[in-house]
Amino acid sequence: MKNRLLLFPVLSLVILSLSMVTAAEAAYKKEYKMSVVVGPKLPWGAGATKFTELVREKTGGRINIKVYTSSSLMAGKQTNEFLIHRQGVADFCFASTINWSTTIKPLNLFNLPFFFPDYKALDAVTQGETGKKIALLLKKKGVTLLAWGENGFREITNSKHAITKPEDMKGLKIRVVGTPLFIDTMKALGANPVNMNWGDAQVAFQQGVVDGQENPVVGVEIPVKIWQFHKYATIWHYVIDPLMLTVNNKVMESFSAEDQKIIQEAALEAAGEQLTTVRKGLIAPDLSALKILENNGMKVTVLDQAMRNSFKSKTLGVYQKWVPKIGEELVKSAEQAIAATR
């Protein structure tokens, strides 16, 4: 009889615990929205889909995330993505630092021309103290950084001639995203930057109205078959384009501790896989991605560090203008991380 009496409180606690879990899960949305500015077939979009699949699988269907591709949640205006994310219109994002840099000025760190010499330098920044500072900055603004992915180094292509020295940029009409620092950089190099969406850019390339563009090789140039428009490609690593897999703070806090852990692990796995994909064929000795450009009739020029420095020297005015906006302490932190990899 005594054992039976002791059993009732234990059963009550078990029932209470189960009811609390059920109540917590009942509070979950039937569907969470994830914003991505590109289509599902690009490595960037595929990485977002992979994340949602992992979360659904690992939570046994408790958390279902739908990917909204091609900037559909922001009516095509990429630079509005952070705002709709902070407001909760988008619960999750797999976002480029470029698109958020117009709103969050410190993210222009990754837009500084010829700042990151290689992937090792980038990893030292994103995975070290500088990356933690950026994560804290985002947290204070309403979003949690779960993992770093990547779109890649943005390399330039054009239809006129090979670009091997700064003088070769003079007068070229180059399509760029609408980020002010990109426009300043192109002007400093003597080019004429043209801000337009990708659909309009392709028509402009065909008509000869615009001469060139800059984008990651594996992430964009190969998928869109850039050789249809341009004969010349220069691998100059002028700007890197990291991706951030994020979740709205309030949304993250609404999940149980167990599900938060699952989401974090899924983000690291999906973003890590996506990053590996976009770097494939671009790091010696495997340069197969560049071979794809060459095999499709493009002349590929790879600049060494000395040649890149000649371009960087032309953009000193850009640094003087933008480092104070980014934050001198953050830039210095990144410089120290990069120097440690040399």
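Residues numbered from 1 in each chain as written. Predicted model: local features only at pLDDT ≥ 70, side-chain atom pairs only at ≥ 80, totals over all residues. Heavy atoms only, no water.

1. Looking at the layout of surface pockets
Our working rule: Using a grid of 1 Å spacing that covers the protein atoms alone, one calls a set of points a cavity when a 1.4 Å probe fits there but cannot get out, and a pocket when the set is open and has protein on both sides within 12 Å along at least five of seven lines; lining residues are those with an atom within 4 Å of a point. Grid points are joined across faces, edges and corners, and a volume is the space filled by probe spheres set on the points. The helix and strand labels rest on DSSP assignments: H or I over at least four residues marks a helix, E over at least two residues marks a strand, and numbering proceeds from the N terminus. Residue type decides the class: Asp, Glu, Lys and Arg count as charged, Ala, Val, Leu, Ile, Met, Phe, Trp, Tyr, Cys and Pro as nonpolar, and the leftover types, Gly among them, as polar.
Its volume calculated, the largest pocket comes out at about 770 Å³. Lining the largest pocket are 31 residues, and of these V37, Q78, R175, V177 and W198 lie nearest its centre. Elements supplying a minimum of two residues to the lining of the largest pocket: α4 (97-100), β4 (143-158), β5 (173-176) and α8 (198-207). Tallying contributions element by element places α8 first for the lining of the largest pocket, with three residues. Residues belonging to the lining of the largest pocket are distributed by class as follows: 11 nonpolar, 16 polar and four charged. Approximately 310 Å³ is the volume found for the second largest pocket. Lining the second largest pocket are 17 residues, with P117, I235, H237, L282 and V302 sitting closest to its centre. Elements with a contribution of two residues or more to the lining of the second largest pocket: β8 (232-248) and α13 (305-312). Top contributing element to the lining of the second largest pocket by residue count: β8, with three residues. When its residues are assigned to classes, the lining of the second largest pocket shows 11 nonpolar, two polar and four charged.

2. Examining the confidence of the model for the chain
Keep this limit in mind: For every residue, the predictor states its confidence as a pLDDT score lying anywhere from 0 to 100. Contacts are assigned to residue pairs that have any heavy atoms within 4.5 Å of one another.
Taken as a whole, the chain shows an average pLDDT of 93; of its residues, 92% reach a score of 70 or greater. Of the regions scoring below 50 in pLDDT, residues 14-23 engages in zero contacts with residues more than four places distant in sequence or in other chains.

3. A closer look at the nonpolar core
Here is the rule we go by: To form a nonpolar core, buried Ala, Val, Leu, Ile, Met, Phe, Trp, Tyr and Cys residues must be joined to one another through side-chain atoms within 4.5 Å. When a residue's accessible area, from a 1.4 Å probe over protein chains only, is under 20% of the maximum for its type it is buried; when over 50% it is exposed; and in between it is partly exposed.
Membership of the largest hydrophobic core comes to 90 residues, with the highest contact counts inside it found for F51, F92, W100, L109, F110, F116 and L293. Among the elements that make up this core, the one with the highest residue count is β8 (seven residues).

4. Some remarks on helix α6 (residues 129-140)
Going by this rule: Given the number of residues in a helix, its expected span is that number minus one, multiplied by 1.5 Å.
With 12 residues, α6 extends 17 Å between its outermost C-alpha atoms, agreeing within 8% with the 16 Å of an ideal straight helix rising 1.5 Å per residue. Phi turns positive one or two residues past the end of α6, at G142, with a value near 115°.

5. Some points on the packing of aromatic side chains
Stated formally: Two rings from Phe, Tyr or Trp (for Trp, the six-membered ring) form a pair when their centres sit within 6.5 Å of each other. Planes less than 30 degrees apart are called stacked, planes more than 60 degrees apart edge-to-face, and all others tilted. Working rule: Lys NZ or Arg CZ, within 6 Å of ring centre, within 35 degrees of ring normal, means a charge sits over the ring.
If you walk through the whole model with that rule in mind, you get 17 aromatic pairs. Taking the centre distance of 5.7 Å and the plane angle of 10° together, the rings of F110 and F116 count as stacked. In textbook terms, an aromatic cluster arises when at least three aromatic residues are bridged by ring pairs, as seen for Y28, Y32, F51, F92 and F255. Geometry around W322 places K325 over its ring, the cationic atom sitting 4.4 Å from the centre.

6. Points about the pattern of salt bridges
For the record, the criterion: The term salt bridge refers to a side-chain nitrogen of Lys or Arg lying within 4 Å of a carboxyl oxygen of Asp or Glu.
For the structure shown, the criterion picks out 13 salt bridges. With its nearest N and O atoms 2.5 Å apart, the salt bridge here joins R62 to D259. Placement of the pair is R62 in the loop between α2 (43-58) and β2 (65-68) and D259 in helix α11 (residues 257-279), with a sequence separation of 197 residues. Looking at R62, the relative accessible area reads 24%, which means it is partly exposed. Judged by its relative accessible area of 1%, D259 falls in the buried class. Here K132 and E129 are joined by a salt bridge, their closest N and O atoms 3.4 Å apart. Taken together, the residues span about one helical turn, with K132 and E129 both in helix α6 at a distance of three residues. Judged on exposure class, the residue K132 and its partner E129 are both exposed.

7. Looking at empty space enclosed by the protein
Counted according to the given criterion, the structure contains one cavity of 30 Å³ or more. Here the largest cavity defines a volume of roughly 30 Å³. L122, D123, T126, Q127, W148, G149, E150, P242, L275 and R279 are the residues that line the largest cavity. Of all the elements in the fold, those that place two or more residues in the lining of the largest cavity are α5 (119-126), β4 and α11. Residue composition of the lining of the largest cavity, grouped by class: four nonpolar, three polar and three charged.

8. Digging into the pairing of β5
Consecutive side chains of a regular strand alternate in pointing toward one face of the sheet and then the other. Applied cut-off: Strands pair, by our definition, only if DSSP identifies at least two bridges between them. Orient the strands so they point away from the viewer, and a crossover whose first-strand-to-second-strand path over the helix runs clockwise is right-handed.
Across four bridges, the pairing between β5 and strand β6 (residues 192-195) is parallel. The residue bridging I174 from the neighbouring strand is P193, located in β6. You can see the chain leave β5, run along helix α7 (residues 180-188) and come back into β6, and the turn it takes is right-handed. Here β5 runs beside strand β7 (residues 212-216); their pairing, made up of two bridges, is parallel. The partner of I174 across the bridge, within β7, is G212.

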